[in-house]
Amino acid sequence: MDRGEFPYGPGCAAYAEGKNPPYSCVGLSSVNSSFAGVGVFQTPRPSMPACSFRFATFVLLSLALLPRSGEAQQGSQGGGNAPSAPAERARPDSASVPSMATYNPNHDEAPVARAVRIDVPVSIDGNLDEPVWMSAPPVTDFWQYDPGDGERLSEPIEVRFLYDDDALYIGAWISDRDIRPRLARRDGYTNDTDIFSIYIDSYHDHRTAYRFAVNAGGWVRDLIVGGGGGRGGGGGGGRAGGLGGDDSWDPVWEVETRIGDGAWYAEYRIPFSQLRFSSAEEQVWGIQLERKNRPVPEETFWSWTPSTESGGVPRFGHLVGIRGIQPGKRLEILPYFAGRAEYLEIPRDPASAFGNPFRSGSDYFGSAGVDLKYRVTSNFTLDATFNPDFGQVEVDPSVINLTAFETRFQERRPFFVEGGEVFRFGTGGPTLVYSRRIGRPPHGGAPSDAVYSSEVGATTILGAGKLAGKTANGWSLGFLDAVTGREEVSWMGGDRSEQRHEVEPLTNYFAGRARRELRSGQTVIGALITGVNRRLGGSPLAPDLHSSAFSGGIDLVNQWDNRMWSLDAHFSPSRVSGTREAIVSTQRASSRYYQRPDAFRVDSAATSLTGYSASMELEKEAGFYRMEIAGSAVSPGYEVNDLGFQTDAGRRTLSVSGGLEQTRSGPRFRSWNIGARGSSSWNYQGDRVANEIELRGGAQFLNLSRLGLSLVLRPEATNDRLTRGGPLAQSPTSYSGFVNFGTDRRSSLSGGARIWFGGDRAGGWDYGAGVNAAWRTDSNTELRLEPWLGRSYNTAQYLTSEADPTAVGTFGRRYLFAGLHQTTLSLTTRFNVLFTPDISLELYVEPFLSSGRYQPPKELAAPRTFEFNEYGSDVGTMERLPSGEYRIDPDGSGPAEAFDVSNRSFNFRSLLGNAVFRWEWRPGSALFLVWQQSRSVRLRPTSPGDRIGEFDFGHDVRELFRVHPDNIFQIKVNYWLNP
């Protein structure tokens, strides 16, 4: 139908001319009619008698819906019990509409929306043509957050709420002059489309909300946002407040969209079984409605908070009218069945007369397991998993780690990621629950005299459960318990006798969290306790592992002055126990180095170690001026790595920062910020071990491009980690910085670049560049490329230490270092194809090349310095052996004994990739087809003339593709049941 043909009266013609949609313009009897009087019909009736009959029907229905005499009429924000007539809900004349929003920090005066109970079914098809939608009062008042902070939105929106015994229904009509129905995988990002989001704080605790987002193409994103703060009107932080959160939460809900003429429609059905709420007869929920109209661009909210104020969940409006609901069916069951085929290159020991008896190179495996979700009450849920399978999870990226600390990888397993925010502790506090400890690769390995052994890639999780919820008086509770099995490997020596060896003991992991919100969430007091217990009686792993490890603590968040100021604090004690050997190993770990000759002394008789972590942070987090003062202390004995993640101990730190932040658009920038920070750290002997002064700034331009920069100066300081357990050294004055630039993300071709640089007074340097580019070829495909190249020179890379009684200046040991030239190049590639919103193909490929060329060894000249003696010139002699090693005599003809040091130069090449086909063939049920391929090789020098350590792009790429690949194929299907 042409937009000029409106057979329903002059009001529809007015809408065709671009005016606000009149609510008297509806066609309730039309199957394809628009929602709430939009006046856009796909299949109009051609004959006037039929149209007149339909119009008469509508008039009679409108009269029936008029409020009785004496009843209060409802405005667009609800009020009363009877819905008002469509004509009475028409938008006021433009002269009476306020041009700017009024901000009222009083939560009791937040805007109100009303949901209406229905007893007739609603078909979730995106048409919004059921007459029952007219019984719900509309929400129409939306306000810009960006760029016109507080101005009315440029294109109208109308949203209505219905509910029945089982679900909440939301219908949205969204005017849009430039509809872009882009598809993306669930929980992915779409930067160039119009996105409509609903946030529901069903607990009404002002801290946590569920976000349900959709675009015109049917893309969906659901996540949990929290924290009780953030900026602006959104749900969880970030400038626009609404993109942060836990997107691993995948509830079973429905939404359908439809594109009309100059508008698109979204129809939601969110089962109450997927939400958590109190047991009250009458529910009052926090709610926020958000629109990110990126083609314009414009970001708007229903419950508006100025961009200069602290916003987020505490600033939501209210949804009222919901009464007498229950959580629905209490039990959800998600069984899975999986098959796995591995085609690997199995190396043969050159000194053995027989091949590997444990693997053929073509091996097949099958598994099954189940996830359970049981709603104990409307606000407490029990999750359990038995033999979970994580086969479709994306592989970890390649890294070259030459530090003394482990690399921290992101948790990707859905069972542990979903709801993981419950166990976050403090603001900037220690990570007490790092769930990748559960089901990690075994600690032990086969004995040294094993020729062949079976492999255990990950410890078996026998079972895991989580219970989480909120009590009626404001307590949030969460409990996690997991048991991993005892693991053994089979191994075979040269005599072909097969034996078993334990590599991981039976272990129980536990975490319990309690948190109480006061003052509408402005004050939060919490406690967390964790425990790890291992069955180590008679185990060969007893000298290496703690038999028990406990940690925990209390944390506090307090906000005041309209949430402008906040005080965050935490205190966390820890205790680990085990054999003397295990505790000695803990004392000597890289996070504390008790063996340092100028620090603590190792207690070889101890069977336990205790410590603490504490911090306090005062922050002004709203307004044009920002500031922060923070202090922390981590004692040397603090240890949480059995279930948490920690790299440092024995530190006291003080930092001060401040800056200016302009969040409202001006003549040149949409937003900008500048700031400075200064910090210092001391060890527990009083040595200043770190100093930093940082200047930073950033801006978003009117064309939506972004610029950020930082410059950090680190004055000279003491270094108690350089010698890795040896005497103190010195860190030379150094500097570093970066510049970021990004283009408008709405374009079909967008991207950004990052350049970093650094150096120190000793002659070290570091520089590199990275680029990210996204190319969206059409509405359902996307290609992302992220190449980066880094080069560095470290004047003193740690090698090893050698005992030597003659080295009296360095406490009887020689500490060896070498200059290291390193070059690293990688290219992360992602290609996604969406066939429908429920069927996708995702490809991930990462070639990775790294070379490191070590210079000849040298030794630390004296404690508390950054000076070194070169062997063969400053002290002693040095020669290269045929094997490529160095033979060093540290004092020439003196009494010191000679020793050998290997040449650590390397070339590392790897290619990792996987392809995942995902089909959600029914709500909550999915089929995965996965192909993973990996190839990698690390080369070390075998002779003095080797070119190992030199970076040669062409040669490295050719050699990479000559490496035999390992291929793994997997199939997994799960089936969601809600009996």
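Heads up: the structure comes first, above all this text.
Since the structure is predicted, the reported quantities are computational estimates derived from the model, not experimental observations.

The rules we used
Residues numbered from 1 in each chain as written. Predicted model: local features only at pLDDT ≥ 70, side-chain atom pairs only at ≥ 80, totals over all residues. Heavy atoms only, no water. Helix = DSSP H or I, 4+ residues; strand = E, 2+ residues; numbered from the N terminus. Buried < 20%, exposed > 50% of the residue type's maximum accessible area, 1.4 Å probe, protein only. Areas by Shrake-Rupley, 256 points an atom, 1.4 Å probe, with all protein chains shown as cover. Pairing = 2+ DSSP bridges. Patch = residues over 30% accessible without salt bridge, like charges linked within 9 Å, V, L, I, M, F, W, Y side chains within 5 Å. Salt bridge = Lys/Arg side-chain N within 4 Å of Asp/Glu carboxyl O. Axes fitted to C-alpha atoms, helices over the stretch in contact; angles between N-to-C directions. Contact = heavy atoms within 4.5 Å. Polar contact = N/O pair within 3.5 Å; in protein donor to acceptor, adjacent residues only side chain to side chain. Core = buried A, V, L, I, M, F, W, Y, C linked by side-chain atoms within 4.5 Å.

Colleague: It is not clear to me how the overall build of the chain should be interpreted in this structure. Could you clarify?
Modeller: Within the chain one finds five helices and 46 strands. The buried share of the chain, reckoned over its 979 residues, is 51%. When the accessible surface of the chain is totalled, it reaches about 41,700 Å², and 55% of it is carbon and sulfur.

Colleague: How do you make sense of the pairing of strand 38 (residues 839-854) when you look at a structure like this?
Modeller: Looking along a regular strand, one sees the side chains alternate between the two faces of the sheet. One ladder, built from 14 bridges, connects strand 37 (residues 813-836) with strand 38; its direction is antiparallel. Looking at the pairing, arginine 830 lines up with tyrosine 844 of strand 38. As consecutive antiparallel partners, strand 37 and strand 38 are separated by two residues.

Colleague: Looking at this structure, how should I read a nonpolar patch on the surface?
Modeller: Taken together, the side chains of Ile693, Leu695, Leu707, Leu709, Leu711, Leu713, Tyr735, Val739, Phe741, Ile755, Phe757 and Tyr767 define a hydrophobic patch exposed on the protein surface, amounting to about 1,100 Å² of accessible area. The set of elements that each furnish at least two residues to the nonpolar patch consists of strand 29 (688-701), strand 30 (706-714), strand 33 (734-742) and strand 34 (749-760). Residue placement: isoleucine 755 occurs in strand 34.

Colleague: Before we go on, may I ask you to explain the sheet that holds strand 43 (residues 899-901) in this structure?
Modeller: Consider a sheet: its strands pair through backbone hydrogen bonds, and that pairing is either parallel or antiparallel. Strand order in this open sheet of three strands is 41-42-43, and the pairing throughout is antiparallel. The outermost strands of the open sheet, each flanked by one partner alone, are strand 41 (877-880) and strand 43. The mean angle between the axes of side-by-side strands here comes to 25°, regardless of whether they run parallel or antiparallel. Across four bridges, the pairing between strand 41 and strand 42 (residues 886-889) is antiparallel. Residue pairing in the sheet places glutamate 879 in a bridge with arginine 887 of strand 42.

Colleague: Before we go on, may I ask you to explain the pattern of salt bridges in this structure?
Modeller: A side chain with one charge can pair with a side chain of the opposite charge if their charged atoms come near. With the rule as written, the count across this model stands at 49 salt bridges. Residues arginine 117 and aspartate 165 are paired through a salt bridge, measuring 2.7 Å at the closest nitrogen-oxygen approach. Of the two residues, arginine 117 sits in strand 1 (residues 112-117) while aspartate 165 sits in the loop between strand 3 (157-163) and strand 4 (167-175), which places them 48 residues apart along the sequence. Judged by its relative accessible area of 33%, arginine 117 is partly exposed. On the basis of relative accessibility, which here comes to 48%, the residue aspartate 165 falls in the partly exposed class. The residue arginine 714 makes a salt bridge to glutamate 692 at a minimum N-O spacing of 3.2 Å. Separated by 22 residues along the polypeptide, arginine 714 in strand 30 and glutamate 692 in strand 29 bring together distant segments of the chain. Taking relative accessible area as the criterion, arginine 714 reaches 27% and is therefore assigned partly exposed. Residue class for glutamate 692 comes out partly exposed when judged on its relative accessible area of 23%.

Colleague: For this particular structure, what's the right way to read the environment of threonine 507?
Modeller: Structurally, threonine 507 is set in strand 21 (residues 507-518). Placed 25 residues apart in sequence, threonine 507 and valine 532 show a C-alpha to C-alpha distance of 7.1 Å. Setting aside chain neighbours within four positions, we find threonine 507 in contact with Ala482, Val483, Thr484, Val532, Asn533 and Arg534. A polar contact is formed between the side chain of threonine 507 and the backbone oxygen of proline 505, at a distance of 2.9 Å.

Colleague: So what exactly am I meant to see when it comes to helix 4 (residues 580-587) here?
Modeller: Residue pairs spaced three or four apart in an α-helix point in one direction, given the helix's 3.6 residues per turn. For helix 4, the set of buried residues is Ala582, Ile583, Val584, Thr586 and Gln587. Against strand 24 (565-577) and strand 25 (608-620) lie the buried residues of helix 4.

Colleague: Explain the nonpolar core here, please?
Modeller: Nonpolar side chains in soluble globular proteins tend to end up buried together. In terms of nonpolar packing, the biggest core is built from 39 residues, with Val159, Phe161, Phe196, Tyr268 and Trp285 touching the most fellow members. Residues contacting phenylalanine 161, with those up to four places away along its chain left out, are Ala113, Arg114, Ala115, Val116, Ala136, Val139, Tyr169, Ile170, Ile287, Leu289 and Leu319. Grouped together as the second largest cluster of nonpolar side chains are 27 residues, Ile438, Ile461, Ala606 and Tyr638 included.

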